[in-house]
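# Fold and geometry: a report
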Amino acid sequence: MFLNFPNIINKDGQAHYYGIIFSDEQKQHYFKELFNKIDWSNEKLVMFGKEITTKRKVAFYADNAIEYTYSQSTKKGLLWTPLLLEIKQLVSSYTGSNYNACLLNLYHNGEEGMGWHSDDEKEIISHSSIASLSFGAIRKFAFKHKTTQEKYHALLEHGSLLEMKGSLQQNWLHALPKAKKIVEARINLTFRQMHL
């Protein structure tokens, strides 16, 4: 099922799509700055007992060098840049939540995606807000209920904000499906509330 703007899931958690929150000038500025100035690196993950290096690039920034472990890989938070602090403040003004960490993903094109998963690692404060900000290529973002298999999806636009909170991570999976026709890059920032 396709969720119309604004997107809201109110069953077993909440997902709210705020749509585009930046001007055209801001969108271009932030994409360029993030692409060029974030300390990107390829990610090494253990999947099915084998270490793989992802095509997508990642970065993790956080207060007090917070550590984050997923897929048997641990990241230590880098110091916030002035740009990320500026973006974080803008996001907080929409969601009303304060964040102490941000995981960034750089997808070079539609050949790179993310399979079904939940952001429910022990370091993340349970039921807290996760704010997902997108720049660049418009990509489909999918939800699937863990029990009923009910599915929803949204198209995340350049400069748009999606918030997930409540029991969503416990009850729903989400994914970024691959889309081979997309040749543009996408940068995604997920602001999180994590245990210190």
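Anything mentioned here points back to the structure above.
A brief report on the enclosed structure follows. (Residues numbered from 1 in each chain as written. Predicted model: local features only at pLDDT ≥ 70, side-chain atom pairs only at ≥ 80, totals over all residues. Heavy atoms only, no water.)

### A word on the environment of I38
Mapped onto the secondary structure, I38 falls in the loop between α1 (24-37) and β3 (41-47). Apart from residues no more than four positions distant in its own chain, I38 is found in contact with E33, A59, Y61, L84 and L104. (Helix = DSSP H or I, 4+ residues; strand = E, 2+ residues; numbered from the N terminus. Contact = heavy atoms within 4.5 Å.)

### Quick notes on the sheet that holds strand β13 (residues 172-176)
The strands that make up a sheet pair up through hydrogen bonds in the backbone, lying either parallel or antiparallel. Taken in spatial order, the four strands make up an open sheet running β8-β13-β10-β11, and their pairing is antiparallel. Whereas interior strands pair on both sides, the edge strands pair on one side only; in this sheet they are β8 (114-117) and β11 (151-156). Within the sheet, the average angular offset between the axes of one strand and its neighbour, ignoring direction, is 15°. Sheet topology note: the strand β10 (residues 139-145)/β13 ladder contains four bridges and is antiparallel. Pairing of K144 across the sheet is with L173, part of β13. (Pairing = 2+ DSSP bridges. Axes fitted to C-alpha atoms, helices over the stretch in contact; angles between N-to-C directions.)

### Concerning a nonpolar patch on the surface
A cluster of nonpolar side chains, M47, F48 and I52, forms an exposed patch at the surface whose accessible area comes to about 350 Å². Note that F48 resides in the loop between β3 and β4 (50-62). For F48, a relative accessible area of 83% translates into the label exposed. (Patch = residues over 30% accessible without salt bridge, like charges linked within 9 Å, V, L, I, M, F, W, Y side chains within 5 Å. Areas by Shrake-Rupley, 256 points an atom, 1.4 Å probe, with all protein chains shown as cover. Salt bridge = Lys/Arg side-chain N within 4 Å of Asp/Glu carboxyl O. Buried < 20%, exposed > 50% of the residue type's maximum accessible area, 1.4 Å probe, protein only.)

### Observations concerning the environment of A175
Note on placement: A175 falls in strand β13. With 64 residues separating them along the chain, A175 and E111 place their C-alpha atoms 14 Å apart. In contact with A175, other than residues within four places in its own chain, are M114, G115, W116, K140, F141 and A142.

### Section: the pattern of salt bridges
Enumeration according to the criterion identifies eight salt bridges in this entry. Connected via shared salt-bridge partners are E43, R56 and K75.

### So, the side chain of H145
Tracing the chain through its elements places H145 in strand β10. Accessibility expressed as a relative area gives 3% for H145, which makes it buried. At 3.1 Å, the side chain of H145 and the backbone nitrogen of T148 are in polar contact. Those residues within four positions of H145 in sequence are excluded, and the remaining contacts are D12, E150, N171 and W172. (Polar contact = N/O pair within 3.5 Å; in protein donor to acceptor, adjacent residues only side chain to side chain.)

### Focus: unusual backbone geometry
Phi is positive for A65, close to 50°, though the residue is something other than glycine. Here A65 lies in the loop between β4 and β5 (67-70). Judged by relative accessible area, which is 31%, A65 ranks as partly exposed. With a phi close to 65°, Q149 is a non-glycine residue in the positive phi region. With respect to the helices and strands, the residue Q149 is situated in the loop between β10 and β11.

### Examining the pairing of β3
Relative to β4, β3 runs antiparallel, the two being bridged by six bridges. Its bridge partner lying in β4, M47 is registered against K50. In this structure, the hairpin formed by β3 and β4 is closed by a connection of two residues, where F48 is found at a positive phi of approximately 55°.

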